[in-house]
Amino acid sequence: DKGGWSSFMAKEITEQPEAVANTVRGRVSAGTVEIPELAALGAERLQTIDRVIIIGCGTASYAGMIGAYAIEQWARIPVEVQLSHEFRYRDPVLTDRTMVISVSQSGETMDTLMAVKYAIEHGAVTVSVCNSQSATIPRESDAAVYTHAGPEVAVASTKAFTAQITALYLIGLHLGRVRGTIDAQTQADAVQQFELLPEKLREAVESHDQIAQLAHWMADSRSVLFLGRHVGYPTALEGALKLKEIAYIHAEGFAAGELKHGPIALIDHGQPVFVLVPSPRTAPLMHSKVVSNIQEIRARGARVIAVVEKGDTSVLPYADDVIRLPLADVFFEPLLQVIPLQWFALELSTAKGLDVDQPRNLAKSVTVE
Ligand code: BG6
């Protein structure tokens with residue numbers, strides 16, 4: 001049941017405030033994060049972890065990339081992210097001190113399941129971040145951290161993505177607390193961000209009308225680029241993937257700093273570029289770097305669509321369109337920034353008369369390797 005929406009994807013985009021609230025529920029209290037499923041592994045085991053590898057495919061891998069920044073920051077454990085189907089072919093170094101966190105909406109993706117089995121065989125601690133209750137991957141893993149985002153029907157993942165990021169952040173905060181690597185204030189600040197998140201997500205969902213107009217003018221775009229820095233980088237990758245998946249438009253995401261090392265050659269007159277601008281309040285250095293990137297591409301004729309936090313006027317002279325989002329700490333920005341990108345893909349797909357929920361050649365869950 002689409003609940004009155006034109007597509008499951010539209011419905012699922014609007015469900016993100018509740019999805020994320022459901023991921024958090026029962027896992028925070030009195031300013032601290034406690035995930036019962038992780039606690040069951042025993043604090044000692046969590047304290048000995050010296051390396052985290054996050055695995056997943058597609059959207060799940062981008063959620064993993066975003067989660068990696070936060071887990072490394074909060075738990076002070078080196079974290080790397082690998083595509084599930086690449087993982088075992090590189091003969092990864094795994095010990096009983098390695099935690100392998102798999103991210104999968106369906107919990108049935110064969111590439112990810114095979115990678116998890118490989119990790120189990122090689123003695124790693126396996127944690128599954130999964131949305132579908134009692135799927136194979138969480139059943140095989142040492143611990144299952146369900147996202148509780150509710151069923152996701154559209155092939156293009158939306159609410160599962162924001163819920164996955166949330167779950168990974170909770171894991172990072174739990175590990176940080178158990179390992180003594182974050183202070184009570186940092187923990188309490190993050191918990192407060194979680195509490196404020198549903199309302200901010202609701203506001204971000206309201207970017208729809210502005211995005212619909214933008215998409216209307218851009219319906220015949222042949223290529224769209226996305227730029228971001230830090231956690232904005234995987235968010236840019238996710239924005240590009242959405243566009244490929246459902247609007248069949250060539251799209252690429254780049255780390256903003258990488259632009260000058262090659263991709264800037266792509267910038268031609270009228271080339272649309274979405275730029276995810278970090279907050280000038282909480283990340284002033286990154287912010288100024290990204291604003292310079294905008295100036296560089298604008299000078300070469302790009303059509304700049306800047307996604308900024310409300311009140312950031314620094315990009316106004318250089319942006320053709322500005323999408324304003326509520327204020328949030330750096331780690332929480334991707335959860336908001338991805339929403340206009342999801343709407344954009346949906347609206348371009350619709351404008352092209354395509355099937356938003358069932359794109360060609362794709363399946364919701366790929367159960368072959
Ligand atoms: C792909 C889907 O095949 O699998 C993507 O089309 C999805 O939308 C990816 O992100 C991973 O799926 P899952 O269920 O493992 O998260």
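Quantities reported herein were computed from a predicted structural model and do not represent experimental measurements.

Student: Got a minute to help me understand the sheet that holds strand E3 (residues 51-56) in this structure?
Tutor: Adjacent strands of a sheet pair through backbone hydrogen bonds, lying either parallel or antiparallel. Taken together, five strands build an open sheet; the order of strands is E4-E3-E5-E6-E7 and the sheet is parallel. Each of the sheet's edge strands pairs with one partner strand only, and the pair in question is strand E4 (79-83) and strand E7 (143-146). Each strand axis lies, on average, 20 degrees off the axis of its neighbour in the sheet, ignoring direction. Where E3 lies against E4, five bridges are found, and the strand directions are parallel. Its bridge partner being in E4, isoleucine 54 is matched across the sheet by valine 81. Relative to E4, helix H5 (residues 59-75) is tilted by about 175 degrees, and along the sheet it contacts E3, E4 and strand E5 (98-104). Contacts from helix H9 (residues 159-179) reach E3, E5, strand E6 (125-130) and E7, with the element oriented near 160 degrees to E5.

Student: Just checking my understanding: could you explain the environment of glycine 262 for this structure?
Tutor: For glycine 262, the location among the structural elements is in the loop between strand E9 (250-255) and strand E10 (272-276). Sequence separation of glycine 262 and proline 272 is ten residues, and the distance between their C-alpha atoms is 17 Å.

Student: Would you take a moment to explain the sheet that holds E9 for this structure?
Tutor: In spatial order, the strands read E9-E8-E10-E11-E12; together these five strands make up an open sheet with parallel pairing. The open sheet has two edge strands with one neighbour each: E9 and strand E12 (321-325). On average, each strand axis in the sheet is inclined to that of its neighbour by 20 degrees, with strand direction left out of account. Relative to E10, strand E8 (residues 223-228) runs parallel, the two being bridged by three bridges. Within E10, the position partnered with leucine 227 by the bridge is valine 275. Against the sheet, helix H12 (residues 232-247) makes contact with E8, E9 and E10, and its axis sits at roughly 175 degrees relative to E9, the strand it touches most.

Definitions and cut-offs
Residues numbered from 1 in each chain as written. Predicted model: local features only at pLDDT ≥ 70, side-chain atom pairs only at ≥ 80, totals over all residues. Heavy atoms only, no water. Pairing = 2+ DSSP bridges. Helix = DSSP H or I, 4+ residues; strand = E, 2+ residues; numbered from the N terminus. Axes fitted to C-alpha atoms, helices over the stretch in contact; angles between N-to-C directions. Contact = heavy atoms within 4.5 Å.

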